[in-house]
Amino acid sequence: MPGSVVIVGGTVGIGRELAAHYAARDREVVLSGRDQARAEKVAAEIGPNVRGIALDLSKPATLASALADVGPVDHLALVGIDRDANSVADYDIDAAVGLVTMKLVGYTEVIHALRDRLTGAGSILLFGGMARLRPYPGSTTVSSVNAGVVGMVRTLSVELAPIRVNSIHPGIVGDSPFWAGKPLEAVRSSTLTGKLADMADVVDASRFLLENPAINGVDLTVDGGWR
């Protein structure tokens, strides 16, 4: 009996699309959101083989108990993100601590909590982002935590071997809830493909990283060749 696919941050956008991808292939899926009722609603909308649970990555001490009845797990995708514009001139310490806690401590605690229930048949996928390479005013915290994801892949792939650990770093995803409807032609025209990545592209790349048994310790950029 295969283990489940766990998607942390699976109620909206790419996380939801990834959950739908695996549900359509008759996999047992557990998706999480911060709100239990919303997670259950989204799970029911996707299919009968999907379960919704409440997780708050910004409160890592609560994660082990929230995940107590999850497992065994084949694939774990840590998709949950938060957006932050936090300049040095107007530095918000609470916002910075919250984002660092969510992405670095929260991601790691989920892996810690599920470690003994990972079957080894699949892998772990961490979501980063291109702010690590393309900083902008106010991105110091975002750029730092996304660079931190790369460091986590380096250490976790060694610590957890033979379980595979990879990361994915999408650029601007044109049809995602955050970017849809925004003027993006200047970015589109600066990609080598002449198109932005879309959610289906990121899901396909995620599936590759999760499922290909030879891919380990990889940090994959998905941005259409943005230059």
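Thresholds, definitions, all that
- Residues numbered from 1 in each chain as written.
- Predicted model: local features only at pLDDT ≥ 70, side-chain atom pairs only at ≥ 80, totals over all residues.
- Heavy atoms only, no water.
- Buried < 20%, exposed > 50% of the residue type's maximum accessible area, 1.4 Å probe, protein only.
- Helix = DSSP H or I, 4+ residues; strand = E, 2+ residues; numbered from the N terminus.
- Right-handed = clockwise from strand over helix to strand, strands pointing away.
- Pairing = 2+ DSSP bridges.
- Contact = heavy atoms within 4.5 Å.
- Phe/Tyr/Trp six-rings, centres within 6.5 Å; stacked < 30°, edge-to-face > 60°.
- Lys NZ or Arg CZ within 6 Å of the ring centre and 35° of its normal.

(A) Highlighting the pairing of strand S5 (residues 123–127). Of all five residues in S5, five are buried, a share of seventy percent or more. Side chains of S5 alternate between two faces, with Ser 123, Leu 125 and Phe 127 and Ile 124 and Leu 126 buried alike. The parallel pair strand S4 (residues 73–78) and S5, bridged by helix H4 (residues 93–114), forms a crossover whose chirality is right-handed. By the bridge criterion, five bridges tie S5 to strand S6 (residues 164–170) in an arrangement that is parallel.

(B) Representation of the side chain of Arg 27 within the structure. One can find Arg 27 in the loop between helix H1 (13–23) and strand S2 (29–33). When its relative accessible area of 18% is taken as the criterion, Arg 27 is described as buried. Dropping the residues within four chain positions of it, Arg 27 is found in contact with Pro 2, Gly 3, Val 5, Tyr 22, Asn 49, Asp 74 and His 75.

(C) How the structure looks around the packing of aromatic side chains. For the structure on display, the rule yields zero aromatic pairs. The ring of Trp 226 carries Arg 134 above its face, with NZ or CZ at 4.0 Å from the centroid.

Limitation: the analysis is restricted to geometry and does not speak to function.
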